[in-house]
Amino acid sequence: MTTSLYNFIDAKDKFAASAVSALAGRTSKPLINAFNQITGNEAEKKTTLDQSLRGVLGDQIVEQKASCDEYLALIYISIEAVTEGICSATTPFLLLGDVLDCLPLDQCDKIFSFVEENVSTWKSSTFYSAGKNYLLRMCNDLLRRLSKSQNTVFCGRIQLFLARLFPLSEKSGLNLQSQFNLENITVFNKNEQESTLGQKHTEEKEDGMEVEEGEMGEEEVPATCSIPIDYNLYRKFWTLQDYFRNPLQCYEKFSWMTFLKYSDETLAVFKSFKLDDMQASKRKLEELRTSAGEHVYFAKFLTSEKLMDLQLSDSNFRRHILLQYLILFQYLKGQVKFKSSNCILNDDQTAWIEETTKLVHQLLKEIPPEGEKFSAMVEHILNTEENWNGWKNEGCPSFVKERVVDDKPKRPIRKRQAPEDFLGKGPDRKLFMGNDELTRLWNLHADNMDACKSDDREFMPSLDEFFAEAIEQADPTNMVEDEYKVVRNSNYGWRALRLLSRRSPHFFQPTNQKFKSLADYLDSMVSKLAKELPKDIPSEEIKTGEEDDDDNGDNLLKESNDSPSMQSKMVSNQQMDDVAAKLGAKWKTLAGQLEMKASELREIETDSEDVDMQAKLLLVAWQDREGTQATVENLVSALNAASFTQIADNLSEA
């Protein structure tokens, strides 16, 4: 059985008919139904549908009956088709390019508004990689058709759209090699013979020409300048634009001398030609604010000689020229990656630029209105520009920081160990504590509980041994200053308190004396111990009564500690196993008498499901908390209080 060949012509006609139907209903369902009904592989059907959509759009443009809304409706349907997976991701961009290429500029404005509104769609993962180059080419084609002087706003919208579409690290929108627009040539009158600038004031005096009423008020008359405005100044002033256009000329010796001379004269004119009319400037500013945002913009300079004196009195024009100086100086002083090795300023040039920069900022501050604020804003923007220059010099690294990959082999993640492993009885006894040294210490002994109870760990010092240095320092004859005494050491103080609680009865005696710090309290205890501790009698015999002592007079301590009884006998591991086995599921009854918290009980239930193990974990937790107070007597008392009399009797007899 042979498979039928894919009929491209029939499929294209069906898709075209379904596209017309989809346009009429403003939905992509007819296209989806046609795509599912036509036989063939998906790649062939997608290609056919792409051609059909472009064919329908071409018919609409040729007939010139459809409006912009009809074109946009077809593009909307193509976007839905891409989302449904029946159309190529590049199709909406191809349709947009066809529409913009065939429509006049006034209709292109409306189509581009649609492009701006859907910038989030173009940035999605489905469309971005497939359409970013199409959008860039489409915008560049539009910019070539638009006039920078007549369609200034439209050009700005295109630039802002590209800035929103592409990330900051997109190199296609960057001037990586710091090239200049050398075609931006400012045209002015270079023939002195044709100049009429010097004749202006003479003709006015001879003809007695008067200013018409309403052309210029008294407040708007330009201030007089001490430097004459003649053709020589006019020529030097506009010649500076060539240096702003191509700053590399400043690194040539002859060109730099020319730039230096012309700049000094121009800035001297600005300095002597003050703009002191604050009221007129404020009135102009209010007029701009109330004009509903309709600002007049000139893409190029007006270089007529007749406008020279008016331009010098225009605050916006003066700010424009001074800002050009600051941008030029920033380039000349800055570190640019693609600068030639010969582009280096000498000390005299650097000093002149520093002085002139201060002068330019001072002139900006003097220009009304809000000159101080404008100068500070310009300085902030130029400082920010330095960061961008540094970023470009570093090769435009990505702003997204990647996680550092650890080359060391990672230890496989272990699941939480069973309670048996924590108690040293499970099959996997070696526990990793997150640190090599801690892991080594933890696994030194098979049963850490028994290791902690070993006789080798009985290293508690005696009172006279531990406090010997403190007692010696407390003696006034030794003349040890307070700041050098060991009782001032916080670590020593903490250990001293623990030792006093174990070996000295003074620790538990009530007192009305108040101490400002731990060191003061230890000073008091050291003085008491110095009086009570003879040098020839061990402190254990004096304070604990572990052996007979006829001189200490503390009979109560002797009677309570003269022999190891059930009161001081610690609960062994075997005893806890026996008690846990007898408690079984009733271990929670004993937990209340042992004053265990609810959170500890929930943790015990989580660690093991075996009731005997839960009972054992209860006793282990109690023993860890009580320490030396986890005696047989205390456990027997808790068992009796919980009505486990039989278990308590068996524990007492053991």
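First things first, this report covers the structure right here in the doc. Predicted model only: the values in this text are computed from it and were never measured. (Residues numbered from 1 in each chain as written. Predicted model: local features only at pLDDT ≥ 70, side-chain atom pairs only at ≥ 80, totals over all residues. Heavy atoms only, no water.)

## Overview of the side chain of Ser195
Thinking step 1. With respect to the helices and strands, Ser195 occurs in the loop between helix H9 (152-165) and helix H10 (200-207).
Thinking step 2. A polar atom in the side chain of Ser195 sits 3.0 Å from the side chain of Glu305. (Helix = DSSP H or I, 4+ residues; strand = E, 2+ residues; numbered from the N terminus. Polar contact = N/O pair within 3.5 Å; in protein donor to acceptor, adjacent residues only side chain to side chain.)

## Some thoughts on a nonpolar patch on the surface
Thinking step 1. Taken together, the side chains of Met433, Leu438, Leu441, Trp442 and Leu444 define a hydrophobic patch exposed on the protein surface, amounting to about 480 Å² of accessible area.
Thinking step 2. If you trace the backbone, Trp442 turns up in helix H19 (residues 436-442).
Thinking step 3. By relative accessible area, which is 34% here, Trp442 ends up partly exposed. (Patch = residues over 30% accessible without salt bridge, like charges linked within 9 Å, V, L, I, M, F, W, Y side chains within 5 Å. Areas by Shrake-Rupley, 256 points an atom, 1.4 Å probe, with all protein chains shown as cover. Salt bridge = Lys/Arg side-chain N within 4 Å of Asp/Glu carboxyl O. Buried < 20%, exposed > 50% of the residue type's maximum accessible area, 1.4 Å probe, protein only.)

## Brief notes about the nonpolar core
Thinking step 1. One finds Val115, Trp122 and Phe161 to be the most contacted residues of the largest nonpolar core, which totals 53 residues.
Thinking step 2. Those residues in contact with Val115, other than ones at most four positions away along the chain, are Leu96, Trp122, Leu135, Met138 and Phe161.
Thinking step 3. Grouped together as the second largest cluster of nonpolar side chains are 44 residues, Leu233, Leu275, Ile321 and Val336 included. (Core = buried A, V, L, I, M, F, W, Y, C linked by side-chain atoms within 4.5 Å. Contact = heavy atoms within 4.5 Å.)

## Topic: the packing of helix H15 (residues 315-333) against helix H17 (residues 371-393)
Thinking step 1. Closest axis-to-axis distance for the H15/H17 pair is 11 Å, and the angle between their directions is 30 degrees. Classified by the angle their axes make, H15 and H17 are roughly parallel. Judged by the sense of rotation from one axis to the other, the crossing of H15 with H17 is right-handed. Note on element contacts: H17 touches H15 through Gly371, Phe374, Val378, Leu382, Glu385, Glu386 and Asn389, opposite Arg319, Leu323, Leu326, Ile327 and Gln330.
Thinking step 2. In terms of residue class, the contact of H15 with H17 is made up of six nonpolar, three polar and three charged. (Axes fitted to C-alpha atoms, helices over the stretch in contact; angles between N-to-C directions. Parallel < 35°, antiparallel > 145°, perpendicular 65-115°, else oblique. Left-handed = near helix turned anticlockwise from the far one by under 90°. Nonpolar A, V, L, I, M, F, W, Y, C, P; charged D, E, K, R; others polar.)

## Things to note about the side chain of Lys236
Thinking step 1. By the secondary structure assignment, Lys236 is in helix H11 (residues 231-245).
Thinking step 2. Here Lys236 falls in the buried class, since its relative accessible area comes to 5%.
Thinking step 3. Apart from the residues within four sequence positions on either side, Lys236 is in contact with Lys261, Tyr262 and Glu265.

## So, the pattern of salt bridges
Thinking step 1. Inspection of every chain in the model, using the stated rule, returns 14 salt bridges.
Thinking step 2. The salt bridge partner of Arg157 is Asp109, with a shortest N-O separation of 2.5 Å. A residue pair is termed long-range when its members are at least 10 positions apart, and Arg157 in helix H9 and Asp109 in helix H6 (residues 105-117) qualify at 48 residues.
Thinking step 3. When its relative accessible area of 28% is taken as the criterion, Asp109 is described as partly exposed.

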